[in-house]
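Now for the letters of each chain:
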Amino acid sequence: PPRSTLFPYTTLFRSILTLALGIGANTAVFSIVNGVLLRPLPYRDPARLMYIYSSSPERGFQVGPTSPPDFREMRDRNRTLTSLSAYFNSASNLSGDFQAERLSGMVVSTEFFDTLGVRPLLGRTFRASEGVWGSHRVVILGESFWRARFGGRQDILGSVLRLDGDVCMVIGVMPASFYFMGEQQLWAPMAFKPGDNFDSHNNYFLSMVGRLNPGVTRERAGADLNAVMAGIAARQPENKGIGAGLIPFTEQVVGDVRRSLWVLLAAVGFVLLICCVNLSSLLLSRDAARKKEFALRAALGASRARLLRQFLTENLMLALLGGCAAVGLAYAAVAQVRRLSVDLPRIEHVGVD
């Protein structure tokens, strides 16, 4: 075809760049919103999971941790939760026959994994008896740590590790897909030495997650737990004015980023709209300059359908080139966000969608 029928290089470059920015930015941001906000948590029936907290406006905190005795009473005396478990972060020092290493870990009550409804990749989870001091020297490893440190050995179950001077037996390995409030290398059962000061009503450091009974509302569960807390306060003066509250566990995981991400998604939606307008202007101005060419083609016998096929071919090729550039931009943007956004929840499991 005559040279005038082809896109000038500047117009072609500007068109591809416009498509890449509009589609790529939207793909990247939607992938993040989907991974953080829209995709369900990787637990059984996550809609019934609740984050349970202590609350005392009189003492100046609305949402706070709880103490071990309060947790046990709420777990044993409530009538609205299928299960209630507690947890707190605790790093451990690995020593012995291995190269010394500081491991990120979590101490959890023995019903923790049952509450979430997750199963191990290998072995088993904790038994109730392992929540008693003296029987607590067992650990569950994360799959990434298991593969990196032990080469994915299938005979790891029953092996012993020296953690903070104690000899602990490996009883299970959790799959890499299991993610809870950060990536952990191991989990240990929560047990307190008799007379330990941490196991008292004066120490508030436990977080709690519970599962509602089928058909139980959040309000009913809150009233039930506050009744338990009122009974504790009647016996323990230090608990006066302390109640309990619940929020969906998804809200606790997502935190304050929900509104920011929705605003960002709306913003890049407007960017796509602007890109569409700019691209339309580029193509219309280009087509206006080709009026003589179209008239000549029609005079030579080109039908309306033939001219429409030409337009379609040109625009499909433009869309293909712009789309390929957009995909590359989206992958690069998501990778950069994953590398930099260490405080964005669930970012480890975000991928281009």
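Residues numbered from 1 in each chain as written. Predicted model: local features only at pLDDT ≥ 70, side-chain atom pairs only at ≥ 80, totals over all residues. Heavy atoms only, no water.

1. Let's talk about the environment of Val 167
As a reminder of what qualifies: What counts as a helix is a DSSP run of H or I of at least four residues, what counts as a strand is a run of E of at least two, and both are numbered from the N terminus. Only protein chains enter the area calculation, which uses a 1.4 Å probe; residues under 20% of their type maximum are buried, those over 50% are exposed, and those in between are partly exposed. Throughout, a contact is declared for two residues whenever any of their heavy atoms are within 4.5 Å.
For Val 167, the location among the structural elements is in strand 10 (residues 166–174). For Val 167, a relative accessible area of 42% corresponds to the partly exposed category. Those residues in contact with Val 167, other than ones at most four positions away along the chain, are Arg 137, Val 160, Leu 161 and Arg 162.

2. A word on helix 4 (residues 143–150)
In an α-helix there are 3.6 residues to a turn, and that puts residues three or four apart on one side. Selection criterion: What the arc describes is the spread of directions from the helix axis to the C-beta atoms.
Every buried residue of helix 4 is accounted for by Glu 143, Phe 145, Trp 146 and Phe 150. Seen along its axis, helix 4 keeps its buried residues to an arc of 165°; they face one direction. The secondary structure elements touched by the buried residues of helix 4 are strand 4 (92–95), strand 5 (101–103), strand 7 (122–123), strand 8 (138–142), strand 9 (160–163) and strand 10. Positioned one or two residues after helix 4, Gly 151 has a phi angle of 65°, which is positive.

3. Things to note about the side chain of Asn 203
Threshold: As used in this structure description, the phrase polar contact means that two N or O atoms lie within 3.5 Å; if the pair is within protein, one of them must be able to donate a hydrogen and the other to accept it, and residues adjacent in sequence are counted only when both atoms belong to side chains.
Residue position: Asn 203 is located in the loop between strand 11 (186–189) and strand 12 (207–212). Among the polar contacts made by the side chain of Asn 203, one reaches the side chain of Ser 200 at a distance of 3.0 Å.

4. Re the environment of Gly 172
Tracing the chain through its elements places Gly 172 in strand 10. Accessibility expressed as a relative area gives 0% for Gly 172, which makes it buried. Placed 46 residues apart in sequence, Gly 172 and Phe 126 show a C-alpha to C-alpha distance of 8.9 Å.

5. Topic: the packing of aromatic side chains
Rules: Only Phe, Tyr and Trp rings take part, Trp by its six-membered ring, and two of them pair if their centres are within 6.5 Å. Stacked means planes under 30 degrees apart, edge-to-face means over 60, and tilted covers everything else. Two conditions define a charge sitting above a ring: the NZ of Lys or the CZ of Arg must be within 6 Å of the ring centre, and it must be within 35 degrees of the ring normal.
Overall, the coordinates contain 16 aromatic pairs when judged by the stated rule. Relative to Trp 187, the ring of Phe 113 lies with its centre 6.0 Å away and its plane at 75°, an arrangement referred to as edge-to-face. Here the residue Phe 113 occupies a position in helix 3 (residues 112–116), and Trp 187 occupies one in strand 11, the gap between them amounting to 74 residues. Given the relative accessible area of 1%, Phe 113 is considered buried. Aromatic ring contacts, followed pair by pair, group Tyr 43, Tyr 87, Phe 112, Phe 113, Phe 126, Phe 178, Phe 180, Trp 187 and Phe 249 into a single cluster. Geometry around Trp 133 places Arg 137 over its ring, the cationic atom sitting 5.9 Å from the centre.

6. A look at the packing of helix 2 (residues 68–77) against helix 5 (residues 218–235)
What counts is decided by this rule: Angles here are taken between N-to-C directions and fall from 0 to 180 degrees, while the axes themselves are lines fitted to C-alpha atoms, restricted in helices to the stretch in contact. Geometric relationships in this document are graded by angle, where less than 35 degrees denotes roughly parallel, more than 145 denotes roughly antiparallel, 65 to 115 denotes roughly perpendicular, and other angles denote oblique. In this scheme, a crossing is called left-handed if the near helix is turned counterclockwise away from the far one by less than a right angle; it is called right-handed if the turn is clockwise. Classification used: nonpolar for Ala, Val, Leu, Ile, Met, Phe, Trp, Tyr, Cys and Pro, charged for Asp, Glu, Lys and Arg, polar for all others including Gly.
Contact pair helix 2 / helix 5: the axes reach a minimum separation of 10 Å and the direction vectors enclose 130°. In terms of their interaxial angle, helix 2 and helix 5 are classed as oblique. The interaxial crossing formed by helix 2 with helix 5 has right-handed handedness. Of helix 5, the residues touching helix 2 (which contributes Asp 70, Glu 73, Met 74 and Arg 77) are Leu 225, Val 228, Met 229, Ile 232 and Arg 235. Class assignment of the residues belonging to the contact of helix 2 with helix 5 gives a composition of five nonpolar, no polar and four charged.

7. Comments concerning the nonpolar core
Operational definition: We define a nonpolar core as any set of buried Ala, Val, Leu, Ile, Met, Phe, Trp, Tyr and Cys residues linked to one another through side-chain atoms lying within 4.5 Å.
Of all hydrophobic cores here, the largest spans 24 residues; its most connected members are Phe 112, Phe 113, Phe 178 and Phe 249. When residues no more than four places from it in sequence are discounted, the contact partners of Phe 112 are Ser 85, Tyr 87, Met 106, Phe 178, Phe 180 and Val 209. One finds Met 50, Leu 84, Val 216 and Ala 244 within the second-largest nonpolar core, a separate group that totals 23 residues.

8. Structural notes on the environment of Val 108
Along the polypeptide, Val 108 turns up in strand 6 (residues 105–108). Val 108 gets classed as buried once you look at its relative accessible area, which sits at 0%. Once residues within four sequence positions are removed from consideration, Val 108 is found in contact with Ala 86, Tyr 87, Phe 113, Phe 126, Trp 187, Ala 188, Pro 189 and Met 190.

9. What to know about the pattern of salt bridges
The line we're drawing: Any carboxyl oxygen of Asp or Glu that lies within 4 Å of a side-chain nitrogen of Lys or Arg is treated as forming a salt bridge with it.
Enumeration according to the criterion identifies 11 salt bridges in this entry. Here the residues in one salt-bridge network are Glu 73, Arg 77 and Arg 235, joined through shared partners.

10. Observations concerning the confidence of the model for the protein
Note the cut-off: Residue-level confidence of the predictor is what pLDDT reports, using numbers from 0 through 100.
Summarising the model, the protein shows a mean pLDDT of 87, and 96% of its residues fall at 70 or more. Ranking the elements of the protein by mean pLDDT puts helix 8 (residues 291–299) last, at 78, and strand 12 first, at 96. With pLDDT under 50 throughout, residues 1–6 is counted as low confidence; its partners more than four residues away or in other chains account for 11 contacts.

11. What to know about a nonpolar patch on the surface
For the record, the criterion: Two joining distances apply to patches: 9 Å for like charges and 5 Å for nonpolar side chains (Val, Leu, Ile, Met, Phe, Trp, Tyr), and every residue must have over 30% relative accessible area and no salt bridge. Note on areas: Shrake-Rupley with a 1.4 Å probe; residue coverage comes only from the protein chains shown.
Where nonpolar side chains cluster on the molecular surface, the patch consists of Phe 13, Leu 17, Leu 21 and Leu 329 and spans about 370 Å² of accessible area. Look at Phe 13 and you get exposed, because its relative accessible area is 56%.

12. Let's talk about the state of the cysteines
Using the following cut-off: In this description, a disulfide is simply a cysteine sulfur pair whose atoms lie within 2.5 Å.
Tallied over the entire structure, the rule returns zero disulfides. Distance from the sulfur of Cys 276, which forms no disulfide, to the nearest cysteine sulfur (Cys 275) is 7.1 Å. Taking relative accessible area as the criterion, Cys 276 reaches 41% and is therefore assigned partly exposed. In this model Cys 324 remains outside any disulfide bridge; the closest cysteine sulfur is found in Cys 275, 17 Å from its own.

13. Some points on the pairing of strand 9
This is how the line gets drawn: Between any two strands, pairing holds if DSSP finds at least two bridges.
Taking every second residue as pointing to the same face, the buried face of strand 9 carries Leu 161 and Leu 163, while none of Val 160 and Arg 162 on the other face is buried. As defined by bridge partners, strand 4 adjoins strand 9 across two bridges and the pair is classed as antiparallel. Note that in strand 9 the partner of Ser 95 across the bridge is Arg 162. Hairpin connection between strand 9 and strand 10: a loop of two residues separates the two successive antiparallel strands, and Asp 164 in this loop has a positive phi of roughly 50°.

14. Section: unusual backbone geometry
Excluding glycine, most residues fall at negative phi; most peptide bonds, likewise, are trans. The phi torsion at Asp 45 lies on the positive side, around 45°, for a residue other than glycine. Tracing the backbone shows Asp 45 in the loop between helix 1 (9–38) and strand 1 (49–56). Phi is positive for Asp 164, which is not a glycine, with a value near 50°. Residue position: Asp 164 is located in the loop between strand 9 and strand 10. Judged by its relative accessible area of 45%, Asp 164 is partly exposed.

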